[in-house]
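Chains, contacts and geometry: an overview
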Amino acid sequence: MPYSEIFNDHIANPRNAGELPGANGVAEETNPVCGDRLRLSLIIKNGRIETARFLAYGCAPTLACGSVLAMTVSGMRIDEALQLTRKQLVDELGGLAAQKQHAAALAIETLRSAISNSK
Amino acid sequence: MRRVYLDHSATTPLDTRVLEAMLPYLTGTFGNASSVHMFGQQAREAIDKARRQLASLINARANEIIFTSGGTEANNLAIRGICQIAESHGRHLITSEIEHPSVRGAVEQLEKQGWEVSRLQVYRDGIVRVDDVRQAMRPDTVLVSVMTANNEIGTIQPIAEIGALVSEERAAGHRHLWFHTDAVQAAGRIPIDVQALGCDLLSLSAHKIYGPKGAGALFVRRGVRVTPQQVGGHQERERRAGTEPVANLVGFGMAAELARSEITDRSEYICGLRNRFERELETRIPEIVFNGNRKHRLPHLSNISFRFVEGEGLLIHLDLNGVAVSTGSACSSGTLEPSPVIRALGHNDELARGSIRFSFGKNNTAEDVDYAVDAVTRAVESLRALSPLTRVMVLDD
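A brief look at the structure comes next. (Residues numbered from 1 in each chain as written. Chains lettered and ligands numbered in written order. Predicted model: local features only at pLDDT ≥ 70, side-chain atom pairs only at ≥ 80, totals over all residues. Heavy atoms only, no water.)

1. Focus on the overall build of chain B
Which entries qualify depends on this criterion: Each helix is a run of H or I in the DSSP string that is no shorter than four residues. Each strand is a run of E no shorter than two, and both are numbered from the N terminus. Values of the radius of gyration come from C-alpha atoms, whereas the globule rule sets the reference at 2.2 Å times the count of residues to the power 0.38. Remark: exposure states derive from per-residue accessible area (1.4 Å probe, protein chains only) relative to the maximum for the residue type, with buried under 20%, exposed over 50%, and partly exposed in between. Contacts are residue-level and defined by heavy atoms, with any inter-residue pair within 4.5 Å sufficient. Counted as positive: Lys and Arg. Counted as negative: Asp and Glu, with His and the chain ends omitted from the count. Taken as the charge location is NZ of Lys, CZ of Arg, CG of Asp or CD of Glu.
A tally of regular secondary structure across chain B gives 14 helices and 14 strands. The C-alpha atoms of chain B give 22 Å as radius of gyration, which agrees with the globular expectation for 397 residues (21 Å, within 12%). Each principal axis of the C-alpha atoms in chain B carries an extent, and together these give about 70 × 55 × 40 Å. Taking all 397 residues of chain B together, the buried fraction comes to 59%. Sequence separation of 24 or more characterises 73% of the internal contacts of chain B that already satisfy a separation of 6 or more. In chain B, 45 positive and 48 negative side-chain charges are present, and the distance between their average locations comes to 3 Å.

2. Section: a nonpolar patch on the surface
Just so we agree on the cut-off: A residue counts toward a patch only above 30% relative accessible area and without a salt bridge, and it is joined to like-charged neighbours within 9 Å or, for Val, Leu, Ile, Met, Phe, Trp and Tyr, to nonpolar neighbours within 5 Å. Accessibility throughout is a Shrake-Rupley quantity obtained with a 1.4 Å probe, and a residue counts as covered only by protein chains that appear here. For this analysis, a salt bridge means a side-chain nitrogen from Lys or Arg found within 4 Å of a carboxyl oxygen belonging to Asp or Glu.
Nonpolar side chains collect at one region of the surface, where L14(B), L19(B), L23(B) and L26(B) lie side by side and expose about 340 Å² of accessible area between them. Topologically, L23(B) is positioned in the loop between α1 (16-22) and α2 (38-58).

3. Some remarks on the nonpolar core
Residues and elements named next belong to chain B. Stated precisely, the cut-off is as follows: Buried Ala, Val, Leu, Ile, Met, Phe, Trp, Tyr and Cys residues that are joined via side-chain atoms within 4.5 Å together make up what is termed a nonpolar core.
One finds F277, F306 and F358 to be the most contacted residues of the largest nonpolar core, which totals 66 residues. Residue contributions to this core peak at 9 residues, all from helix α13 (residues 366-386). Among residues more than four places away in sequence, those in contact with F277 are I304, F358, F360, V369, A372, V373 and V376. One finds V128, V130, L298 and V341 within the second-largest nonpolar core, a separate group that totals 65 residues.

4. Some words on empty space enclosed by the protein
Definition in use: Every definition here rests on a 1 Å grid over the protein atoms only: cavities are sets of points where a 1.4 Å probe fits but cannot get out, pockets are open sets enclosed by protein on both sides within 12 Å along at least five of seven lines, and lining residues have some atom within 4 Å of a point. Grid points are joined across faces, edges and corners, and a volume is the space filled by probe spheres set on the points. Think of it as three bins: nonpolar holds Ala, Val, Leu, Ile, Met, Phe, Trp, Tyr, Cys and Pro, charged holds Asp, Glu, Lys and Arg, and polar takes everything else, Gly as well.
Under the defined criterion, the tally for this structure stands at 3 cavities of 30 Å³ or more. Lining the largest cavity we find H8(B), G188(B), R189(B), K208(B), I209(B), Y210(B), R266(B), S267(B), I270(B), P299(B), H300(B) and F360(B). Counted by class, the lining of the largest cavity contains 5 nonpolar, 4 polar and 3 charged residues. There is about 50 Å³ of room inside the second largest cavity. In terms of lining, the second largest cavity is formed by A56(A), Y57(A), G58(A), L63(A), F308(B), V309(B), E310(B), G313(B), L314(B), L383(B) and S387(B). Counting residues per element, the ones that place at least two in the lining of the second largest cavity are β3 (48-57) of chain A together with α10 (311-320) of chain B. Looking at side-chain class alone, the lining of the second largest cavity contains 7 nonpolar, 3 polar and 1 charged residues.

5. Things to note about the packing of α10(B) against α13(B)
Residues and elements named next belong to chain B. Put simply, the rule reads: In this analysis an axis means a line fitted to C-alpha atoms, helices contributing only their contacting stretch, and an angle means the value between N-to-C directions, from 0 to 180 degrees. Angular relationships are summarised with four words: roughly parallel below 35 degrees, roughly antiparallel beyond 145, roughly perpendicular across 65 to 115, and oblique for the angles in between. Each crossing gets its hand from how the near helix is turned against the far one by less than a right angle, where anticlockwise is left-handed and clockwise is right-handed.
Packing of α10 against α13 brings their axes to within 10 Å, and their N-to-C directions diverge by 130°. Judged on the interaxial angle alone, α13 and α10 are oblique. Handedness of the α10/α13 crossing: right-handed. Residues G313, L314, H317 and L318 of α10 pack against A375, V376, A379, V380, S382 and L383 of α13. Taken together, the residues of the contact of α10 with α13 sort by class into 7 nonpolar, 3 polar and no charged.

6. Let's talk about the interface of chain A and chain B
Note the following rule: Joining two parts hides part of their accessible area as seen by a 1.4 Å probe, and the buried area is that hidden amount summed over both. For this analysis, a polar contact is any N or O atom pair within 3.5 Å, provided that within protein one partner can donate a hydrogen and the other can accept it, and provided that sequence-adjacent residues contribute only side-chain to side-chain pairs.
On the chain B side, the residues contacting the 27 residues of chain A number 24 residues. Together chain A and chain B conceal approximately 2,000 Å² of surface at their shared face, both sides included; 64% is due to carbon and sulfur atoms. Seen at the junction of chain A and chain B, the total is 2 salt bridges. For D36(A), the salt bridge identified is with R353(B), shortest N-O distance 2.6 Å. There are 6 residue pairs in polar contact (both at pLDDT 80 or more) connecting chain A and chain B. Of all the elements in the fold, those that place two or more residues in the side of chain A that touches chain B are α1 (5-12), β2 (37-45), β3 and α2 (60-73) of chain A. Considering each element in turn, the side of chain A that touches chain B owes the most residues, 4 residues, to β3(A). Residue composition of the side of chain A that touches chain B, by class: 15 nonpolar, 6 polar and 6 charged.

In structure tokens:
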């Protein structure tokens, strides 16, 4: 399936990209099979993600999933963020071919690790 | 938005002169070339002309050309066709690490059937060594198959030298030995002369030389037999059954004639564009690696790894900005095979994953090149800003 316009927009204009000074929840996860890498930095205060930023290396879906993840979780309560699913991210991107959904799985895994690592 | 097509190694646009030559055979002159009546004879005459045009491109005789559906079929016919004929004399073949998937696939299938295969390494420059072919040669070797030029990095292989080695071997009594070369990428871009190359079989494809998709050919030297892979018809002198796609073959013939007459001008022009592109990129983007020997390579092709950036991400970025390129790596189902060709050069996975092939064509312009340089520069800067690998590099510094 072709990439959606929303997907293409995340590639052309990534949201919330970069390092996040003062982050208190950081995780960098790698897909051991394909080598894609996603780094998520969170500032968490009072049970809520105030800000989220991402860095990504990998195929276009990994970049787009990083972008949509950081955008989506900014402002979210931790309990809500922990409920976020791969399917929700894929839907936010306007769909992804089945063989590309591993990118959304990496994004969810990175989010959970960053929350778990938070101090 | 401007659209710049830099993927001519994947396929080329149909030349309008080729289209004009084909059109009558899609409408009024529609006969089956096997038919005895006038409609059929017109089709037969057109195919015979195309065969002569193609033979002329590679300095062969017309009756040494077998038309196929494309380069993949030509490679399959060459490898399987020879090995099936020759297996009573030996079950060993020599090939390179960087062959096209259609050669790789045919060879792997033979391997599963018990054939032994020697794969020649290509070193950092992407070129096989004739001495390695000599070393790999065994009394039971029946086939050497080495591509004329590589499809991803464009490196030109020492085919005439390998042909000379095969001739020497035969002269020394190694009678059941044949030499095939896949010239799909090379034809129309560098001169191909089957007499000078000394090959027994050579594969060609129409759509790489501004002809139509769905037409290819295998040169089979007079006296060399191949087992047909398509049976059930008398076409192509019993070597490839099936009604000929007359319009496609007419187009192939015309494309071959144009390639032969224009090869020098085309190559000089395209090489100029490619060199301009590389010069500009070298100046503007740090941390890039040119893959393969930059001297002995096809004039239209440039393969570059951009460090800290993944090829497919870059490809999509460029596509969104109107620039069409390709990458040897493919990511699907969570598995990624970094380009086997770039890995064969001894590069690590990161460089193999970050490789992009830019392949220029006769319709590209200097403005296209400048636009592409800007687009690549912006895309690489943007992706590097996102890449955690860049961050690691900065911290290391």
